[in-house]
Number of protein chains: 2
Amino acid sequence: MEEIANLLKKIAPEMAHVVEQRFEILKNIYYNQPIGRRALSAIMSLSERSLRTEVKRLEELGLLEIEPKGMRVSREGEAVINCLENFVYFMKGLNFIADRIKERFGCEEVIIAPGDSDVDETVKNLMGKEAASYLRSFLKNGDIVAVTGGTTMAQVPKGMPKLEGFEDVVVVAARGGLGEKVEIQANTIAAELAERLGARYRLLYVPDNLGPEAMESITSEPRIREVLSLIKNADVVIHGIGRAEEMARRRGLDESIIEEILKKGAVAEAFGYYFDSEGRVVFTTTSAGLSIADLKNVRKVISVAGGAKKAPAIRAFLKYHCPTALITDEGAARKLIELEGGNPDE
Amino acid sequence: MEEIANLLKKIAPEMAHVVEQRFEILKNIYYNQPIGRRALSAIMSLSERSLRTEVKRLEELGLLEIEPKGMRVSREGEAVINCLENFVYFMKGLNFIADRIKERFGCEEVIIAPGDSDVDETVKNLMGKEAASYLRSFLKNGDIVAVTGGTTMAQVPKGMPKLEGFEDVVVVAARGGLGEKVEIQANTIAAELAERLGARYRLLYVPDNLGPEAMESITSEPRIREVLSLIKNADVVIHGIGRAEEMARRRGLDESIIEEILKKGAVAEAFGYYFDSEGRVVFTTTSAGLSIADLKNVRKVISVAGGAKKAPAIRAFLKYHCPTALITDEGAARKLIELEGGNPDE
DNA sequence: TAACATAGGGACAAAAAATATCCCGGGAGG
DNA sequence: CCTCCCGGGATATTTTTTGTCCCTATGTTA
């Protein structure tokens, strides 16, 4: 397949754009159906008119159904979306970019979803799907899986089909820490993922930023201790990476502390740790859960994060610790190569 | 590969067309280089201007070199031609057409070269190559191979690489019959094919249309008898199919006889036999060699014929006897489906 | 050497296609 | 009932493609 994609790019590079765009349109409709032209043209940055001509084509090709309620992708269109994803991957040269990231940072696996989640929310679905299918590829019954929160992480359980045979898997939140919307909290994600896997789950309720005494008293609770011990023995960790400032705000840190963190050059956050652009830990929230030093002992670490804006954060984290697998998107991946002084397009 | 071609046709058929056209252009330049725009636009039925834009693109893509002497395909262009050929096959849906022909006429194998040899002489090369590679796939040392003449058949030895290990193969002309240009006579082709295979060959010099007495005296010659016995025991027959009128003229039949043959509805000729559109034998030239009744006993029969104009002739022959393999081209294959009341494009 | 054929490429008008903009009637939901 | 969004038609404008004609360079032949 890769050869054919390269061949086609050689003889008709325009085709890449056309195919990518149509794929993008189809995908966006799929995730928002039924949707109208105007709404869609707003989501994608495309003039309504040019979207209309494309849509008309897609309808003629039978990939799309246009109803008074809006547009929906046809049965055939769905099939095309699924098949096309891999093809678009090669068409965009993402395999090449993935290889370069692998080589540069030493990851075992790098998976890049086409698109940029900064621009197109649906790309997060793809990342979730990829993370889920990667997890599935090696997960054994009896494993302990720790997960963190975040909007991207929230897509991981959604991308996982209902499975059986994982009754002895335990999914657990990697860190305490609330203060976020419930649907993107680690605990929620852990529960959802467990449900998909047919596995068990354990929740961890430890607020961020407790004082030392309060922390001690909470972590001495037997139920909490039990969960913490699970976390320490996690076989798999799936986690998001955030931009330092954004995460600090979302976690409700004091403005003075935020200022201090940023002054120290923090650009990335993961597990409640803040990293500067060289991958050094510059600040730690006092919360219970997975300690970053434990990462080395974890069998599989899966980092999931995308969006061009997050590229510096991803880069910082990769410099600190190279995960087993990085699941990202095209926007972040291209930017990452740029930050490393390369040109994504060869 | 087939899936990708179908996918591409589904989501961007215009692009598929562009790829086909560029491939066609590249191929035509390759077989005629160095060639100018005007000459090329005459060969292909394309306006000079539109060819010019395409050519410019191909040059920008580095597949083509434009020199004062004319255009030539670059080294990379050659690679693209080679790799793309199979892909174009699926893109044009030729596999689908081939399957339909197989099913309709019961052939074991149908191979379709892209293009139409009526329009583009170079397509005959492709047919020759396909025939050669098919022959190679099953030929055993010790086999007897009988061949006929014709312009298309002449491409079969040219498409055969020099081989070893076929020292005990004997290639022989299937029918006597001269009156053609030497380079497309069965004897010439037999000799050439034998040379490529590293095999032996035997020639057959029996003119067409001898009187009964002359025929008898010739066929009683020991050397002739020996060749005839080889032919009767042929393991493989590779033969062309011609249009009845054209062949009758080329063989130098009397005008009155030609008229009579055509009156009987003859449309096809093979081995010196003439068939009407229903596949009935309506006339036989009196010549020595393979009798058409012997076809049934031949292990492998390979029919090689192409060009939209020949479709009725091919159809007639297929109705008489379904060969093991039919090697034809796109023009003939599409027309064949049409004649059978189908639509080549589904 | 001069005439000739064929090469690529420039220029420009005509045609076609893509694009922007606006508006209309219709159905769903408040 | 009104309002909002839906698809789709109509039209003017811009951009791209296509058709035509001519020019000059280069290599070949008489």
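For the structure itself, consult the block above.
Residues numbered from 1 in each chain as written. Chains lettered and ligands numbered in written order. Predicted model: local features only at pLDDT ≥ 70, side-chain atom pairs only at ≥ 80, totals over all residues. Heavy atoms only, no water.

Some thoughts on the overall build of chain A
What counts is decided by this rule: Think of it this way: any DSSP run of H or I at least four residues long counts as a helix, any run of E at least two long counts as a strand, and we number them from the N terminus. Restricting the calculation to C-alpha atoms gives the radius of gyration, and the globule rule supplies 2.2 Å times the number of residues raised to the power 0.38. Whether a residue is buried, partly exposed or exposed follows from its accessible area with a 1.4 Å probe, protein chains only, as a fraction of its type maximum: under 20%, in between, or over 50%, in that order.
For chain A, the helix and strand inventory stands at 15 helices and 13 strands. Relative to the 2.2 N^0.38 estimate, which gives 20 Å for 346 residues, the radius of gyration of chain A is 21 Å and therefore close to what a compact globule would have. With respect to the principal axes defined by its C-alpha atoms, chain A has extents near 65 × 45 × 40 Å. With 346 residues in all, chain A has 55% of them scored as buried.

Some thoughts on the protein's contact with DNA strand C
So the rule is basically this: Here a residue is near a molecule or strand as soon as one of its heavy atoms is found within 4 Å of it. Contacts described as polar in this section are N or O atom pairs within 3.5 Å, which, within protein, must combine one atom able to donate a hydrogen with one able to accept it, while residues neighboring in sequence count only if both atoms come from side chains. The residue classification treats Ala, Val, Leu, Ile, Met, Phe, Trp, Tyr, Cys and Pro as nonpolar and Asp, Glu, Lys and Arg as charged. All others, Gly included, are polar.
Around DNA strand C sit 17 residues, and of these A:S47, A:R49, B:R37, B:R38 and B:R52 come closest. Atoms of DNA strand C within 4 Å of the protein belong to the sugar or the phosphate in 50% of instances, the rest to bases. Between DNA strand C and A:S47, the relevant distance is 2.4 Å, taken from a phosphate oxygen to a side-chain nitrogen or oxygen of the residue. Contacts to DNA strand C include B:R37, whose side-chain N or O atom sits 2.7 Å from a base nitrogen. By residue class, the composition of the surface near DNA strand C is five nonpolar, four polar and eight charged.

Let's talk about the interface of chain B and chain A
Here is the rule: When checking whether two residues touch, look at their non-hydrogen atoms; a contact exists if any pair is within 4.5 Å. What gets called buried area is simply the loss in accessible area from a 1.4 Å probe that two parts show on being joined, summed for both. Whenever a carboxyl oxygen of Asp or Glu lies within 4 Å of a side-chain nitrogen of Lys or Arg, that contact is scored as a salt bridge.
Listed by partner, the interface residues are 23 residues for chain B and 23 residues for chain A. Buried area between chain B and chain A, both sides added, is near 2100 Å², and the carbon and sulfur share of it is 81%. Taken as a group, B:L7, B:K10 and B:I11 account for 31% of the area that chain B buries against chain A, more than any other trio of residues on that side. Between A:K10 and B:E76 there is a salt bridge; the shortest N-O distance is 3.5 Å. Applying the counting criterion to the chain B and chain A interface returns five residue pairs in polar contact (both at pLDDT 80 or more). Sorting the residues of the side of chain B that touches chain A by element identifies α1 (2-11), α2 (13-32), α4 (48-60) and α5 (75-91) of chain B as the ones contributing at least two each. Ranked by residue count, the leading element in the side of chain B that touches chain A is α2(B), at seven residues. A per-class count over the side of chain B that touches chain A returns 18 nonpolar, no polar and five charged.

Brief notes about unusual backbone geometry
Residues and elements named next belong to chain A. Positive phi, normally seen in glycine, also occurs at F271, with a value near 60°. Along the chain, the position of F271 falls in the loop between β9 (266-270) and β10 (273-276). Residue class for F271 comes out buried when judged on its relative accessible area of 5%.

Notes on the pattern of salt bridges
All names here are of chain A. Tallied over the entire structure, the rule returns 55 salt bridges over all chains. Linking R72 and E67 is a salt bridge whose minimum nitrogen-to-oxygen distance equals 3.8 Å. Here E67 falls in the partly exposed class, since its relative accessible area comes to 32%.

A few points about the relation of the copies chain B and chain A
In this arrangement, two copies of a chain are superimposed by a rotation about an axis accompanied by a shift along the axis. Applied cut-off: To line up the copies, we fit them by least squares on C-alpha atoms, keeping just the residues with pLDDT of at least 70 in both.
Once chain B has been moved 0.3 Å along the axis and rotated by 177°, it coincides with chain A to within an RMSD of 0.7 Å. In the structure described here, the two chain copies are related by an operation that fits a two-fold rotation axis. Every residue of chain B has its C-alpha some distance from the rotation axis, and the shortest such distance is that of B:M15, at 2.6 Å. The overlap is high: 100% of the interface residues of chain B also sit at the interface in chain A, so the same surface is used on both sides.

Details of the protein's contact with DNA strand D
Of all residues adjacent to DNA strand D, which total 16 residues, the nearest are A:R37, A:R38, A:R52, B:S47 and B:R49. The sugar-phosphate portion of DNA strand D accounts for 46% of its atoms within 4 Å of the protein, the bases making up the rest. Take A:R37: an N or O atom from its side chain is 2.6 Å from a base nitrogen of DNA strand D. One of the side-chain nitrogen or oxygen atoms of B:S47 is found 2.5 Å away from a phosphate oxygen of DNA strand D. Where the surface near DNA strand D is concerned, the elements lending two or more residues are α3 (37-43), β1 (64-67) and β2 (70-73) of chain A together with α4 of chain B. Ranked by residue count, the leading element in the surface near DNA strand D is α3(A), at three residues. Considering only residue class, the surface near DNA strand D consists of five nonpolar, three polar and eight charged.

Structural notes on the pairing of strand β11 (residues 281-284) of chain A
All names here are of chain A. Put simply, the rule reads: Any two strands with at least two DSSP bridges between them are considered paired.
Pairing of β10 with β11 involves three bridges; the strand directions are antiparallel. Counted as the bridge partner of F275 is V281 from β11. Connecting the antiparallel pair β10 and β11 is a turn made up of four residues, with G279 showing a positive phi of about 85°.

Digging into the packing of α2(B) against α4(B)
Residue and element names in this part refer to chain B. We count it as follows: Axes, fitted as lines to C-alpha atoms, cover a helix only where it is in contact. Angles between the N-to-C directions of the axes lie from 0 to 180 degrees. An angle counts as roughly parallel when it lies under 35 degrees, as roughly antiparallel when it exceeds 145, as roughly perpendicular when it falls between 65 and 115, and as oblique in every other case.
The geometry of α2 relative to α4 is characterised by a closest axis approach of 11 Å and an angle of 80° between their N-to-C directions. Regarding the angle of α2 to α4, the classification is roughly perpendicular. Residues Q21, R22, I25 and L26 of α2 pack against E54, V55, R57 and L58 of α4. Looking at side-chain class alone, the contact of α2 with α4 contains four nonpolar, one polar and three charged residues.

Digging into the sheet that holds strand β12 (residues 300-304) of chain A
Residue and element names in this part refer to chain A. Across the sheet, which stays open at both edges, the seven strands sit in the order β3-β13-β12-β7-β4-β5-β6 with parallel pairing between neighbours. Strands at the two margins of the open sheet, each flanked by one partner only, are β3 (109-113) and β6 (200-202). Neighbouring strand axes in the sheet, compared pairwise and without regard to direction, differ in orientation by 15° on average. As defined by bridge partners, strand β4 (residues 144-147) adjoins strand β5 (residues 170-173) across four bridges and the pair is classed as parallel. The residue bridging A146 from the neighbouring strand is V172, located in β5. Strands β3 and β13 (325-329) of the sheet are contacted by helix α6 (residues 94-105), whose axis makes an angle of about 145° with β3.

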